[in-house]
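Letter by letter, the chains look like this.
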Amino acid sequence: MDAKIIDGREFAAAVRGKVKDHVTRLASEHGIVPGLAVVLVGEDPASQVYVRSKGKATVEAGMKSVEHRLAADTSERELLALVDQLNNDSSIHGILVQLPLPEHLKEDLVVNAIDPAKDVDGFHISNVGLLGTGRKSMVPCTPLGCLMMLRDHHESLSGLEAVIIGRSNIVGRPMAQLLIGDSCTVTVAHSRTRDLPEVVRRADVVVAAVGRPEMVQGNWVKPGATVIDVGINRVDAPERGEGKTRLVGDVDFERALQVAGAITPVPGGVGPMTIACLLANTLTACCRSNGVPEPDGLTV
Ligand code: GUN
């Protein structure tokens, strides 16, 4: 029997609906409107698309959306001055500086200049440290989305073998911390891992986040395992016509589907959850800064 396909679009719509309901209540009961500021430096086309969709989703959730688009040659001093201004703006509860930044700007320096309480990406070193020590923090959006889907599918994650493929700061490492927090036995595999297929074969939960198209083979997957595919890779699709492309994940979906218990598709799996979790994080940051209760189930 084929695996259950975890519908990320449907799940994300539910999260966004929950955020929107809570935003409506915040406005009526406390007169508070959460605000998200997104900063884009330069004209990277992919980043422009992301920033536009983040702004649109923010407005749809009933929040205030502010976009700052800066020229590619913006100086570090100018960018830090903007971050400082947003840190001190009480109508802004979340700040996101879109990455990658142009080469002359130091990402670490800029990210760590954001007030950790407004760091809706969860990239600030204070949030990384809080998450790594099992404390309340802002949690990076993509791993948070993966955890929400895993918690929804499994009654409990406690004691499960989880294998994460990829050790990036944005996905692999925070995902490991989150799964440790839910009492999984966690292995983080990466490019130097010996016998990756054998490592993956023991996993009840696989999170693939390496950015290599269809690298995880169907016969690596343990029967019944839950497979979360974070990869979004564009590959040539000559079968669709000359010059055509399609999106694939890090997992060979068609083959894994026949073995796994549940699997996220690409597109339509983890991707939509990332923006939903950005909205959830903005709401969480707003509730925390105003000392009002956080909604259940939107953070860890
Ligand atoms: N660029 C691609 N994904 C992200 C993200 O989640 N946050 C930020 N700040 N930049 C990105």
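What you see is a predicted model; the values in this text were computed from it and never measured.

Caption draft 1: Structural context of the site of the ligand. Taken together, L96, V97, Q98, L99, D121 and F123 form the complete shell of residues around the ligand. Contact between the ligand and L99: a nitrogen atom at 2.8 Å from a main-chain N or O atom of the residue. One of the side-chain N or O atoms of D121 is found 2.6 Å from a nitrogen atom in the ligand. Put simply, the ligand lies in the largest pocket. Residues of the shell around the ligand, tallied by class, amount to four nonpolar, one polar and one charged.

Caption draft 2: View of the environment of A13. Within the secondary structure, A13 sits in helix α1 (residues 8-30). In this structure, the C-alpha to C-alpha distance between A13 and N87, residues 74 residues apart in sequence, is 29 Å.

Caption draft 3: Here's a closer look at the sheet that holds strand β3 (residues 64-70). On the basis of which strands lie adjacent, the open sheet formed by three strands has the order β3-β2-β4 and parallel pairing. Looking along the sheet, the strands with just one partner apiece sit at the ends: β3 and β4 (94-97). On average, each strand axis in the sheet is tilted by 15 degrees relative to the strand beside it, whichever way the strands run. When strand β2 (residues 35-41) meets β4, the two strands line up parallel, connected through four bridges. Bridging across to β4, L36 finds its partner in G94. In this fold helix α2 (residues 45-60) packs onto β2, β3 and β4, with an angle of close to 160 degrees to the strand it touches most, β3.

Caption draft 4: Expanded view of the sheet that holds strand β6 (residues 185-189). Across the sheet, six strands lie side by side as β1-β11-β8-β7-β5-β6; this open sheet has parallel pairing. The sheet is open, and its two edges are formed by β1 (4-5) and β6, each paired on a single side. Bridging between strand β8 (residues 226-229) and strand β11 (residues 262-263) involves two bridges; their strand directions are parallel. Paired with V227 across the two strands is I263, which belongs to β11.

Caption draft 5: Geometry of the nonpolar core. Core analysis: the biggest nonpolar cluster contains 57 residues, and V19 and L179 have the highest contact counts within it. Going through the elements one at a time, α1, β2, α2, α6 (141-153), β5 (161-165), α7 (172-181), β7 (205-208) and α10 (270-290) are the ones with two or more residues in this core. For this core, the element with the highest residue contribution is α10, accounting for 12 residues. Excluding residues within four positions of it along the chain, V19 makes contact with A61, M63, L279, A280, L283 and L298.

Caption draft 6: A look at the layout of surface pockets. Reported here for the largest pocket is a volume of approximately 1,300 Å³. Along its surface, the largest pocket is lined by 46 residues, and Y50, T142, I232, G271 and T274 are the ones closest to its centre. Elements with a contribution of two residues or more to the lining of the largest pocket: α1, α2, β4, α6 and α10. Across the lining of the largest pocket, the residue classes break down as 27 nonpolar, 12 polar and seven charged. As for the second largest pocket, its lining consists of 18 residues, and the residues nearest its centre are G122, F123, V128, N169 and I170. Of all the elements in the fold, those that place two or more residues in the lining of the second largest pocket are α4 (107-111), α5 (125-132) and α7. The biggest single contributor to the lining of the second largest pocket is α5, with four residues. Per-class residue counts for the lining of the second largest pocket are nine nonpolar, six polar and three charged.

Reading guide: rules and limits
Residues numbered from 1 in each chain as written. Predicted model: local features only at pLDDT ≥ 70, side-chain atom pairs only at ≥ 80, totals over all residues. Heavy atoms only, no water. Near = heavy atom within 4 Å. Polar contact = N/O pair within 3.5 Å; in protein donor to acceptor, adjacent residues only side chain to side chain. 1 Å grid on protein atoms, 1.4 Å probe; cavity = no way out; pocket = protein on both sides within 12 Å on 5 of 7 lines; lining within 4 Å. Sits in = over half its atoms within 2 Å of the grid points. Nonpolar A, V, L, I, M, F, W, Y, C, P; charged D, E, K, R; others polar. Helix = DSSP H or I, 4+ residues; strand = E, 2+ residues; numbered from the N terminus. Pairing = 2+ DSSP bridges. Axes fitted to C-alpha atoms, helices over the stretch in contact; angles between N-to-C directions. Contact = heavy atoms within 4.5 Å. Core = buried A, V, L, I, M, F, W, Y, C linked by side-chain atoms within 4.5 Å. Buried < 20%, exposed > 50% of the residue type's maximum accessible area, 1.4 Å probe, protein only. Points joined across faces, edges and corners; volume = space filled by probe spheres on them.

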